[in-house]
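Spelled out from the first residue to the last, the chains are:
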2 protein chains.
Amino acid sequence: MHSIGVIRTPFREQAGTPIQPARAGDAVGTVILEDAYTPALKDLEGFERIWLIYLFDRARAWSPLVVPYLDREPRGLFATRAPARPNPIGISAVRLESVQGSTLTVRGVDVLDGTPLLDVKPYVPEFDAFPGSRAGWFEAGAGCERLADDRFERPCGRDSTGQG
Amino acid sequence: MHSIGVIRTPFREQAGTPIQPARAGDAVGTVILEDAYTPALKDLEGFERIWLIYLFDRARAWSPLVVPYLDREPRGLFATRAPARPNPIGISAVRLESVQGSTLTVRGVDVLDGTPLLDVKPYVPEFDAFPGSRAGWFEAGAGCERLADDRFERPCGRDSTGQG
């Protein structure tokens, strides 16, 4: 696994960063791929949304139970979207505004500035959209908190590739 | 990045494997996590669907343009879900049938038997479901082909971690 580009956003630290694109509102970011990947962006502009697959490079070590931003109870890590995972891979469905050369402008971006990009995929409703799905504890208590705090940052957090 | 478990499915080779869970119908698979991760599965059963994040371990080297299973035109790789990517990471939203110890039973699974698991995330419609999204070339020609052929397997394909 290696970085194929970088995601630039207005968010410099975990505290205050939106939780998931759906709660990131109109935050605009840019995804800057390395030049070698420009030809692989052909046809992407036909998609309204794309998946950004990226590394949670500032996540601390994982633990089996976490108290998510959206809840007050300890939950199994795999039942959350918390960054501190055995393999710190994040996925976010963002709105694609434009493609210019090797730069994508996206809207509703919810990641920290400087996040390493691993992959870009088209969002395809037939494969990805299941609007009625039952969503466990998210359905009960969720809805209030829309911004992260610092609970998943390393206590002494500095840059790190974080690759597990 | 390291495997945290394995996905067992009825599909032994790329040819004949469904393209995406939405086209995998009722194919049942099991996801067997290493025992160390069992406590992290708490609360997962409340979710109707989960994301499996996995390694395309039998994909060949990536190229910027590919002819997808669902089309006849060369498309930019990042505008496709083809396995042969710079970082061969796959994501599939599958239906969660049950959780027993460290084993998940899932339905609508579309990956090769023995695929290494990297992560499990809950499917949350608020974050993940955008049913009306415009889907580029998928909307035009797609719909006929529902099974993969062998075009993304390595010509001399054998097991490999495939980690880029």
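Structure's up top.
Residues numbered from 1 in each chain as written. Chains lettered and ligands numbered in written order. Predicted model: local features only at pLDDT ≥ 70, side-chain atom pairs only at ≥ 80, totals over all residues.

Peer 1: I tried to follow the interface of chain B and chain A on my own but got confused; where do I start?
Peer 2: Many analyses report the size of an interface as the accessible area lost when the parts associate. In this complex, chain B contributes 55 residues to the contact, which on the side of chain A involves 56 residues. Those elements that provide at least two residues to the side of chain B that touches chain A are strand 3 (49-55), strand 5 (75-76), strand 6 (89-100), strand 8 (115-122), helix 1 (125-128) and helix 2 (136-141) of chain B. The greatest single-element share of the side of chain B that touches chain A, amounting to five residues, is contributed by strand 8 of chain B. Residue composition of the side of chain B that touches chain A, by class: 34 nonpolar, nine polar and twelve charged. (Contact = placed C-beta atoms within 7 Å. Helix = DSSP H or I, 4+ residues; strand = E, 2+ residues; numbered from the N terminus. Nonpolar A, V, L, I, M, F, W, Y, C, P; charged D, E, K, R; others polar.)

Peer 1: Hey, could you run me through the sheet that holds strand 1 (residues 5-8) of chain A in this one?
Peer 2: The strands making up a sheet are joined through hydrogen bonds of the backbone, oriented either antiparallel or parallel. Residues and elements named next belong to chain A. The strand order 1-2-7-6-3-8 describes a closed barrel built from six strands, whose pairing is antiparallel. Mean inter-strand twist for the sheet, computed between neighbouring axes without regard to direction, equals 45°. The pairing of strand 1 with strand 2 (residues 28-33) spans four bridges and is antiparallel. Within strand 2, the residue paired with G5 across the bridge is L33. (Pairing = 2+ DSSP bridges. Axes fitted to C-alpha atoms, helices over the stretch in contact; angles between N-to-C directions.)

Peer 1: Before we go on, may I ask you to explain the environment of Q14 of chain B in this structure?
Peer 2: Residue and element names in this part refer to chain B. Inspection of the secondary structure puts Q14 in the loop between strand 1 (5-8) and strand 2 (28-33). With 21 C-beta atoms packed within 10 Å, Q14 lands in the buried category. Distance in space between the C-alpha atoms of Q14 and P125 is 30 Å, their sequence separation being 111 residues. (Buried ≥ 20, exposed ≤ 12 C-beta atoms within 10 Å, placed from the backbone.)

Peer 1: Which parts of the structure should I look at to understand the relation of the copies chain B and chain A?
Peer 2: To go from the first copy of the chain to the second, apply a rotation about an axis and then a shift along the same axis. Superposing chain B onto chain A takes a rotation of 180° plus a shift of 0.0 Å along the axis, which leaves an RMSD of 0.0 Å. One copy is carried onto the other by what is essentially a two-fold rotation axis. It is A129 of chain B whose C-alpha, among those of chain B, lies nearest the rotation axis, at 2.1 Å. Taken together, the interface assignments show that 100% of the residues at the interface of chain B recur at the interface of chain A, consistent with an identical surface on both copies. (Least-squares fit on C-alpha atoms with pLDDT ≥ 70 in both.)

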